[in-house]
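# Examining the three-dimensional arrangement
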Amino acid sequence: MFEEIYRKIVEYDVIVIARHIGVDPDALCSQLALRDSIRLTFPEKKVLSIGTGSVKFTQMGKLDKIENVNNALLIVVDTPDKKRVDSVSFSQFSYSIKIDHHPFIEKFCDLEFIKDTASSTCEILIDFILNSKLKCDANIAQTLYMGMVSDSNRFLFDSCTSESFGLVSRLLNEYSFSLSDAYQKLYLRPINEVRLEGYIALNMNVTENGLGYIKITNEVINEFSVDSASAGNMINNFNFIKEVLVWVTMTEDLKNDQIRISIRSRGPEINKLAEAYGGGGHKMAAGVRVKNFDDAMKFINDLDKLIKEYNEIV
Ligand SMILES: [Mn+2]
């Protein structure tokens, strides 16, 4: 199917690359690396990567402004369902392609490449770019590597396979980029965030079933001078706690009048419950948005029951 995707890229002069709302490094790096690779290969084509950015990720590269386009190709990366595609009106496009590693939810593009065993969308793109006529350079290679490192949580997840490491090996071999520079771009953070992390560690509730959860209210967000997106992203720092099998942050997002729930697990699969609440994600890493903390606590109670059932079986 890579060949088919490549042919479509060749065919169109204008290409727009989009991804999911609530930008994260894999989604962002996917769209930036694919754009830069197409631009490098076909300098005459107009290629735009669009969507709402975040100041947190500006060091990874710059997004483009949304423009009205005609007879253009749309490529959606890292997004399993149509409602979560950021800033795209589908009717503008003549043809659409999806490239994703999330479990399948719905078909919304003409051509869909889904590999849910891949660690990240960037991993799929490394495979695609290295095995097609698309060009790459050290910068593009570093961007792809950053997305992969981020979505696999530094290769901690079982989603990393020998294939993943094989692709990284080829990428490093063919395009020497700086690893330490990549990690700085990904992990350098202000002291405020570290202090908030301390607050979460001190105040996390832990149930007897092994559910750790915390409300991060707007008051707390202001107290630590962080934004609600970076508060929500703290979730990945709380793995490997003996008493905590599943852990959740519930972050108040006043701007969008909602509570962003992030869930991680190293036991039961949690994405089905997330879907039942209108969210989604991977088996061990998912998210939900609800209206208020009351609804968030309903989710917490259901999740705690799910963990209890899991503990009874295991
Ligand atoms: Mn991803």
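So, how was this worked out
By convention here, each chain's residues receive numbers from 1 onward along its written sequence. Reporting of local features is limited, given that this is a predicted model, to residues whose pLDDT is at least 70; pairs of side-chain atoms are given and counted only at 80 or more, and all residues count toward the totals for whole chains, interfaces and linings. Going along the chain from the N terminus, every DSSP run of H or I of four or more residues is numbered as a helix, and every run of E of two or more is numbered as a strand. Between the buried cut of 20 or more and the exposed cut of 12 or fewer other C-beta atoms within 10 Å of a residue's own C-beta lies the partly exposed class, and all C-beta atoms are placed from the backbone. Two residues form a contact once the distance between their C-beta atoms, set from the backbone, is within 7 Å. Between any two strands, pairing holds if DSSP finds at least two bridges. Axis angles are defined between N-to-C directions and span 0 to 180 degrees, where every axis is a line fitted to C-alpha atoms and, for a helix, only to the segment in contact. Here roughly perpendicular refers to angles of 65 to 115 degrees, roughly parallel to angles under 35, roughly antiparallel to angles over 145, and oblique to all remaining angles. Handedness of a crossing follows from how the near helix is turned relative to the far one, being left-handed for an anticlockwise turn of less than a right angle and right-handed for a clockwise one. Three categories are distinguished: nonpolar for Ala, Val, Leu, Ile, Met, Phe, Trp, Tyr, Cys and Pro, charged for Asp, Glu, Lys and Arg, and polar for the others, with Gly belonging to the last. To count as a nonpolar core, a set of buried Ala, Val, Leu, Ile, Met, Phe, Trp, Tyr and Cys residues must be joined through C-beta atoms within 7 Å. Note: domain ranges come from an automatic or database domain assignment. One less than the residue count of a helix, multiplied by 1.5 Å, gives the span that helix is expected to have.

This paragraph deals with the overall build of the protein chain. Counting secondary structure elements, the protein chain contains eleven helices and eleven strands. Principal-axis analysis of the C-alpha atoms gives the protein chain an extent of 60 × 40 × 40 Å. Across the 314 residues in the protein chain, those meeting the buried criterion constitute 41%. If you take every contact in the protein chain between residues at least 6 apart in sequence, the share linking residues at least 24 apart comes to 65%.

Moving on, we come to the sheet that holds strand E8 (residues 246–253). Taking strand neighbours across the sheet as the criterion, the six strands line up as E6-E7-E8-E9-E11-E10 in an open arrangement whose pairing is mixed. Both outer strands of the open sheet, strand E6 (205–206) and strand E10 (280–281), are each paired with one neighbouring strand and no more. As judged from the two bridges shared by E10 and strand E11 (residues 285–290), these two strands associate in the antiparallel manner. Opposite glycine 281, over in E11, you have alanine 286 as the bridge partner. Taken strand by strand, helix H11 (residues 293–313) contacts strand E7 (211–216), E8, strand E9 (258–265) and E11, and its axis lies near 175° from that of E8.

Attention now moves to the packing of helix H4 (residues 138–151) against helix H6 (residues 179–187). Between H4 and H6, whose axes approach to 10 Å, the crossing angle comes to 55°. Taken together, the axes of H4 and H6 lie oblique to each other. The interaxial crossing formed by H4 with H6 has right-handed handedness. Here H4 contributes Gln142, Tyr145, Met146, Val149 and Ser150 to the contact with H6, which in turn contributes Ala182, Lys185 and Leu186. Of the residues assigned to the contact of H4 with H6, the class counts are five nonpolar, two polar and one charged.

This part covers the nonpolar core. Ile15, Ile75 and Leu144 are the most contacted members of the largest nonpolar core, which totals 48 residues. Other than its neighbours up to four places away in sequence, leucine 144 contacts Cys29, Ala33, Cys122, Leu125, Ile126 and Leu171. Judged by nonpolar contacts, the second largest core, of 30 residues, contains Tyr213, Ile221, Ala231 and Phe299.

Interface size is commonly expressed as the accessible area that is lost once the parts come together. Assigned domains within the protein chain: domain 1 (2–187) and domain 2 (191–313). Each of domain 1 and domain 2 has a C-alpha centre, and these two points are 27 Å apart. Opposite the eight residues of domain 1 that make contact, domain 2 presents six residues. In the side of domain 1 that touches domain 2, the residues fall into three nonpolar, three polar and two charged.

Spatial strand order, E2-E1-E3-E4-E5: five strands in an open sheet with parallel pairing. Where the open sheet ends on each side, the last strands, each with one partner, are strand E2 (46–49) and strand E5 (111–114). Each strand of the sheet is rotated relative to its neighbour by a mean of 15°, with strand direction disregarded. Of the pairings in the sheet, the one linking strand E4 (residues 93–100) to E5 comprises four bridges and is parallel in character. Looking across to E5, one finds that lysine 98 is bridged to glutamate 112. Each of strand E1 (14–18), strand E3 (72–77), E4 and E5 touches helix H1 (residues 2–11); the most contacted strand, E5, lies at about 135° to it.

Let us now look at the packing of helix H2 (residues 25–41) against H4. In the contact formed by H2 and H4, the axes pass within 8 Å of each other and the chain directions differ by 160°. One element, H2, and the other, H4, form an angle in the roughly antiparallel class. Crossing hand, H2 versus H4: left-handed. In contact with Pro25, Asp26, Cys29, Ser30, Leu32, Ala33, Asp36 and Ser37 of H2, H4 contributes Asn139, Ile140, Thr143, Leu144, Met146, Gly147, Ser150 and Asp151. Grouping the constituent residues of the contact of H2 with H4 by class yields seven nonpolar, six polar and three charged.

Right, let's get into H2. For H2, with 17 residues, the first-to-last C-alpha span of 24 Å sits near the 24 Å given by 1.5 Å per residue. Most of H2 is tucked away: 14 of the 17 residues are buried.

Notably, asparagine 71 is not glycine yet its phi reads approximately 45°, a positive angle. Of note, aspartate 78 is a non-glycine position whose phi angle comes to about 60°, a positive value. The topology assignment puts aspartate 78 in the loop between E3 and E4.

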